[in-house]
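# Architecture at a glance
For reference, the chains in residue letters:
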Amino acid sequence: MIMNLHTHTHNSPDAQQTVAERVKAANQLGLRFMAVTDHVEINRYYPAAYYNAEENTEFFYDGGGVFARSTAETIAAQTECTPLTLLCGAEV
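Residues numbered from 1 in each chain as written. Predicted model: local features only at pLDDT ≥ 70, side-chain atom pairs only at ≥ 80, totals over all residues. Heavy atoms only, no water.

Another point: the state of the cysteines. By the definition in use, this model includes zero disulfides. There is no disulfide at Cys-81, and the cysteine sulfur nearest it, in Cys-88, is 10 Å away. (Disulfide = S-S within 2.5 Å.)

Okay, helix α1 (residues 19–29) next. Among the residues making up α1, those that are buried are Val-19, Val-23 and Ala-26. Summarising the axial view, the buried residues of α1 lie within an arc of 65 degrees, below the 170-degree limit, and thus occupy one face. Within α1, the exposed residues directed more than 90 degrees away from the buried face are Ala-20, Lys-24, Gln-28 and Leu-29. The elements touched by buried residues of α1 are β2 (33–36), α2 (63–77) and β3 (85–88). (Buried < 20%, exposed > 50% of the residue type's maximum accessible area, 1.4 Å probe, protein only. Helix = DSSP H or I, 4+ residues; strand = E, 2+ residues; numbered from the N terminus. Arc of directions from axis to C-beta. Contact = heavy atoms within 4.5 Å.)

To continue, consider the sheet that holds β3. Within the open sheet, the three strands sit side by side as β1-β2-β3. Their pairing is parallel. Either end of the sheet is taken by a strand with one partner, and the two such strands are β1 (3–7) and β3. Taken over all neighbouring pairs, the strand axes of this sheet differ in orientation by 15 degrees on average, direction set aside. In terms of strand pairing, β1 meets β2 through three bridges, oriented parallel. When the sheet's bridge partners are listed, Thr-7 is paired in β2 with Val-36. (Pairing = 2+ DSSP bridges. Axes fitted to C-alpha atoms, helices over the stretch in contact; angles between N-to-C directions.)

Listed below in structure tokens is the structure:
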């Protein structure tokens, strides 16, 4: 069974594709399962203003927002991804 259980989307700082684009590629590759595991930074879970900090390229803030956006986008895509089984996850 072919699967990828560690994928990132545009919700992470190190990827650019949407969940729908990842699903399309997974189906083209014949994957049976795929998990979207965008970065959720626990030590920077809130937006930078919460920590009285400024966003920069070294640190990625708003892990909670990333998780909310990533799971919402993944759940929305689950109804249109067959035959792929699409799972929600997080890289914490």
